[in-house]
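Structure at a glance
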Amino acid sequence: MALADLGWDDYFAGHFEQLKDGDLIPARVAEEHRNSYRVLTVNGLLSARVSGRFRHEACGYSEFPAVGDWVAIRLRPQEGKATIHHVLPRKGKFSRAAVLAGKTEEQVLAANVDTAFLVSGLDHDFNLRRIERYVTIAWDSGAGPVVVLNKSDLCEDVDAIVEQVETTVLGVSVCAISATESEGIDRLTPFLTPGTTIAFLGSSGVGKSTIINRLLGEERLKTSAVRQSDSKGVHTTTRRELLPLPTGAIVIDTPGMREIQIWSEASGMDRSFGDIDALALGCRFSDCSHLTEPGCAIQQAIADGDLDAKRFQGYQKLQKELHYLRIRQDQKAHRREVKEWHKKISRTLKEREKMRDKGVY
Ligand code: GDP
Ligand code: ZN
């Protein structure tokens, strides 16, 4: 296997070169376990741990390697293992807020995803607002979104729904497929080019495992039909995986991605709610809250039937979430500063002690 087959490109090569250490080799994190990782190198899978120095210098959970990360490792040939010394800068990341030891921490679920397949079922699961949110999450995470509407075999009027989704998430590809009937799967092929890293987001039961198995060409992942008869297998594994597809693309399949919570800057917002922002420019007051003010272009658009009230509610809900998230992040940044400061002080104190021992004072 060549590095490019694992998703290596000029971006990562450039950052790797800057490390200027001939002993290090690049590897991609394929699995995360409690205290160790499994990384893919050109020579196959290796078990790896982060170096003591890395652990000491890391300022937060999100700085540790995550599935999809490119890392610089040193081999320990006598043990057949490796030590991770650096995580190369990420192109993007999917994160969620996790509470660890009473603190809200960012947990990276998958790094360096190029394309996110946002899967919904064309059955009762279908929900436009949720698709919108997933699109926002994908943009925020540095991945190009592709909406996949699965279970087309269970839907009477597929074309009408595809059109409805297309007008809601303007500019985003929408593919209707049936994984069990193997119908329309080839609509996904243009996105599965060699070296492209893809991930699947969507609620449980929409058919993500079934689609991945179709793309793999084998029944590698357990689908829920199987899981139900096998009550043990569910949720007992914390394994996260990188799966190379026959097309040369790489699937990141980590359980946490399936019910992802938002953790992001507001950047993705402009892209999927751009029409609402554009409308707001027409409000009489520049700080219009779009609730009761006179001359509100958004309320007018809703009254005229040009803007779906539910869509506006989705926009407001997301803004509120981002607002609270930003407050929590600010608090976290503050704690990090304090921690850095403590580190610095204790280093200075240690230096002083050393000097004193040497009789400088
Ligand atoms: P996941 O939780 O998203 O990974 O969903 P699974 O792949 O486990 O699928 C959940 C259930 O939906 C299983 O019983 C699948 O057989 C079924 N399923 C998946 N794709 C389709 C489809 O295209 N049509 C129909 N009718 N059922 C499907
Ligand atoms: Zn307004």
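Keep in mind that what you see is a predicted model, and the values were worked out from it rather than measured. (Residues numbered from 1 in each chain as written. Chains lettered and ligands numbered in written order. Predicted model: local features only at pLDDT ≥ 70, side-chain atom pairs only at ≥ 80, totals over all residues. Heavy atoms only, no water.)

1. Brief notes about the packing of aromatic side chains
Quick reminder of the rule: Working definition: rings of Phe, Tyr and Trp (its six-membered ring) pair if their centres are within 6.5 Å, and the pair is stacked with planes under 30 degrees apart, edge-to-face with planes over 60 apart, and tilted otherwise. Counting from the N terminus, the helices are the DSSP runs of H or I reaching at least four residues and the strands are the DSSP runs of E reaching at least two. Relative accessibility decides the category of a residue: with a 1.4 Å probe and only protein chains considered, values under 20% of the type maximum give buried, values over 50% give exposed, and everything between is partly exposed.
Taken as a whole, this structure holds nine aromatic pairs when the rule is applied. Between Trp8 and Trp70, the aromatic rings sit 4.8 Å apart at their centres with planes inclined by 65 degrees, giving edge-to-face as the arrangement. Of this pair, Trp8 sits in the segment before α1 (10-17) while Trp70 is found in strand β4 (residues 70-76), placing the two residues 62 residues apart along the sequence. Summarising the aromatic geometry, the rings of Phe117 and Phe200 are spaced 5.2 Å apart at their centres and angled 40 degrees between planes, so their arrangement reads as tilted. Linking Phe117 in strand β8 (residues 115-121) with Phe200 in strand β11 (residues 197-201), this pair joins segments that are 83 residues apart in sequence. Residue classification places Phe200 among the buried positions, given a relative accessible area of 3%.

2. A few points about the sheet that holds strand β1 (residues 25-32)
Put simply, the test is: At least two DSSP bridges between two strands are required for those strands to pair. To get an axis, fit a line to the C-alpha atoms, keeping to the stretch in contact for a helix; angles then go from 0 to 180 degrees between the N-to-C directions.
On the basis of which strands lie adjacent, the closed barrel formed by five strands has the order β1-β2-β3-β5-β4 and mixed pairing. When the angles between neighbouring strand axes are averaged without regard to direction, this sheet yields 55 degrees. Examined bridge by bridge, strand β3 (residues 44-50) and strand β5 (residues 81-87) share four bridges and lie parallel to one another. Looking across to β5, one finds that Ala48 is bridged to Ala82.

3. Regarding the side chain of Asp69
Rule in force here: As used in this structure description, the phrase polar contact means that two N or O atoms lie within 3.5 Å; if the pair is within protein, one of them must be able to donate a hydrogen and the other to accept it, and residues adjacent in sequence are counted only when both atoms belong to side chains.
You can see Asp69 is positioned in the loop between α2 (52-57) and β4. Among the polar contacts made by the side chain of Asp69, one reaches the main-chain amide nitrogen of Ala66 at a distance of 2.8 Å.

4. Here we look at the sheet that holds strand β13 (residues 250-253)
To keep things clear, this is the line we draw: Here, residues are in contact when the closest pair of their heavy atoms is within 4.5 Å.
Spatial ordering of the open sheet is given by β10-β9-β8-β11-β13-β12, a layout of six strands whose pairing is mixed. This sheet does not close on itself; its edge strands, each paired only once, are β10 (173-176) and β12 (241-244). Sheet twist, expressed as the mean angle between neighbouring strand axes with direction ignored, is 25 degrees. In terms of strand pairing, strand β9 (residues 144-150) meets β10 through four bridges, oriented parallel. Note that in β10 the partner of Val147 across the bridge is Val174. Across the face of the sheet, helix α3 (residues 128-140) comes into contact with β8, β9 and β11 while running at roughly 150 degrees to β9. Each of β8, β9, β11, β12 and β13 is contacted by helix α5 (residues 208-216), which is oriented at about 150 degrees to β11, the strand it contacts most.

5. Quick word on the coordination of the zinc ion (ligand 2)
What counts here: Metal sites are built from N, O and S donor atoms within 2.8 Å, or 3.2 Å for Na, K and Ca, and they leave out water, so they may look incomplete. Only two sets of limits are used to name each site, 85 to 135 degrees for every angle of a tetrahedral four-donor site, and over 155 degrees for opposite donors with all other angles from 65 to 115 for a square planar four-donor or octahedral six-donor site, with any other site named irregular.
Donor atoms from the polypeptide that bind the zinc ion (ligand 2) are Cys283 (SG), Cys288 (SG), His290 (ND1) and Cys296 (SG), placed at 2.2 to 2.4 Å. Around the zinc ion (ligand 2), the four donor atoms sit at angles spanning 99 to 118 degrees, and that spread fits a shape best called tetrahedral. Using a relative accessible area of 13% as the deciding quantity, one classes His290 as buried.

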